[in-house]
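Chain residues, written in single-letter form:
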Amino acid sequence: AHRSVAQGGHAWTGDATVGASGGAVVATPNTVTNQNVDYVTNSPRLDYSVTFVKTGVHQVWIRGRGQDGTDDSIHVGLDGSAVATSDRISSFPNAWTWSKSTMDGPVATISIATAGVHTINLWMREDGFVVDKVVLTTSAGFVPTGTGPAESPR
């Protein structure tokens, strides 16, 4: 991440879980908190500066893990705002897993209106969730495996 912002008594901290691709972080402390609403102002946030060369709909894949059903979801937004099509990304067991599933049903997506630099935001939904990698793709057929593709240049 380019920036990490602690909020609501929680922060993203480094996590050395075996099998991570090298940059995993966990939402701490793990007090079984679920921030389903008002997360933009009440959850810790990670900011990733991304240069988009294509406009349009991008699918959002997250590589993460949750210890149990109270630690297994995250919100993704764009340019500091919540995005209803990419919040509540879930389906992370206690093993490294790729998911683009949302609790609302559709797969997680963001819509990029203009090419250029935008900020992808990750907000804690459930503390204790561990996030390792984010992949954005315009290809509906792409499915990441293992630790996923190499990190994009900054």
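The preceding data block contains the structure.
Description of the packing of aromatic side chains
Link 1 in the chain: Within the structure shown, the criterion is met by 2 aromatic pairs.
Link 2 in the chain: It is arginine 65 that lies over the ring of tryptophan 96; its NZ or CZ is 5.4 Å from the centre.

Examining the sheet that holds strand E1 (residues 3–5)
Link 1 in the chain: One open sheet holds the 5 strands; their spatial order is E1-E4-E10-E6-E7, and the pairing between them is antiparallel. One side of each edge strand has no neighbouring strand; the edge strands of this open sheet are E1 and strand E7 (81–82).
Link 2 in the chain: With 5 bridges joining them, strand E6 (residues 74–78) and strand E10 (residues 116–124) adopt antiparallel strand pairing. Its bridge partner lying in E10, histidine 75 is registered against tryptophan 123.

Quick notes on the pattern of salt bridges
Link 1 in the chain: Summed over the entire model, instances satisfying the criterion amount to 5 salt bridges.
Link 2 in the chain: Put simply, arginine 3 and aspartate 47 hold a salt bridge, and the shortest N to O gap is 3.0 Å. Separated by 44 residues along the polypeptide, arginine 3 in strand E1 and aspartate 47 in strand E4 (residues 45–52) bring together distant segments of the chain.
Link 3 in the chain: You can call aspartate 47 buried: its relative accessible area is 6%.
Link 4 in the chain: Across the salt bridge formed by arginine 63 and aspartate 132, the nearest N and O atoms sit 2.5 Å from each other. Here aspartate 132 lies in strand E11 (residues 130–137) and arginine 63 lies in strand E5 (residues 56–65), a separation of 69 residues in the sequence.

How each quantity is defined
Residues numbered from 1 in each chain as written. Predicted model: local features only at pLDDT ≥ 70, side-chain atom pairs only at ≥ 80, totals over all residues. Heavy atoms only, no water. Phe/Tyr/Trp six-rings, centres within 6.5 Å; stacked < 30°, edge-to-face > 60°. Lys NZ or Arg CZ within 6 Å of the ring centre and 35° of its normal. Pairing = 2+ DSSP bridges. Helix = DSSP H or I, 4+ residues; strand = E, 2+ residues; numbered from the N terminus. Salt bridge = Lys/Arg side-chain N within 4 Å of Asp/Glu carboxyl O. Buried < 20%, exposed > 50% of the residue type's maximum accessible area, 1.4 Å probe, protein only.

Structural measurements only, silent on function.
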